[in-house]
Amino acid sequence: ISAEEGTTGVYHCHDNGEMKIALTFDDGPHPILTPKILDILKRYQIKATFFVVGENVGHYPDVTQRILNEGHEIGNHTHTHDKIDLTEIERCEKAIYELTDYQPKLFRPPEGFLNGTVKSMSATLGYNIILWNIDTRDWDHTPPETICKNVTEHISAGSIILMHDYISYNS
């Protein structure tokens, strides 16, 4: 996913006239799962967008840096994933920037929660809001076969696919 300089908007899908899609991962980075995902992406020369949680950036700085070093996009997913307010967004932005000198331009509100206040905060900070049009429901421990079937039946040019690189296995 990339954003045009100086523009803000909300995207669920971004028709590009070609069969290009966006793979996105939320809630990481994770010390084990994210490197495994990065290894797979590298093997197939695929770029993705990782919407990171600021606390996790602080816990796993090497993984965060690897995401950028390998040419992937990093987006803001708030600092704690607990609530959406200006402080949460700014704290995540600061965690990313202090570690990497990278200024994220993309924001994904936790659970896709979107209202006028979230739109206004995002616009004030210069973020494009990136949602999705295909939810793999991997967070619900959906079997891989079901995920594949759902994606292949609903994918189209410009699809944005939601996945997670930090899943709680206790739920």
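Let us look at the structure shown here. (Residues numbered from 1 in each chain as written. Predicted model: local features only at pLDDT ≥ 70, side-chain atom pairs only at ≥ 80, totals over all residues. Heavy atoms only, no water.)

### Here's the deal with the state of the cysteines
- In the structure shown here, the tally under the stated rule is zero disulfides.
- Of all cysteine sulfurs in the structure, the one in C148 sits closest to C13, which takes part in no disulfide; the separation is 19 Å.
- With relative accessibility at 31%, the residue C13 sits in the partly exposed group. (Disulfide = S-S within 2.5 Å. Buried < 20%, exposed > 50% of the residue type's maximum accessible area, 1.4 Å probe, protein only.)

### A look at the pattern of salt bridges
- Summed over all chains, the structure comprises nine salt bridges.
- Close ionic contact of D39 with R66 constitutes a salt bridge, the shortest N to O distance being 2.5 Å. Taken as a pair, D39 in helix α1 (residues 33-43) and R66 in helix α3 (residues 61-69) lie far apart in primary sequence, 27 residues in all.
- Given a relative accessible area of 21%, R66 falls into the partly exposed group.
- Taking the shortest distance from any N to any O, the salt bridge between E70 and K42 comes out at 4.0 Å. (Salt bridge = Lys/Arg side-chain N within 4 Å of Asp/Glu carboxyl O. Helix = DSSP H or I, 4+ residues; strand = E, 2+ residues; numbered from the N terminus.)

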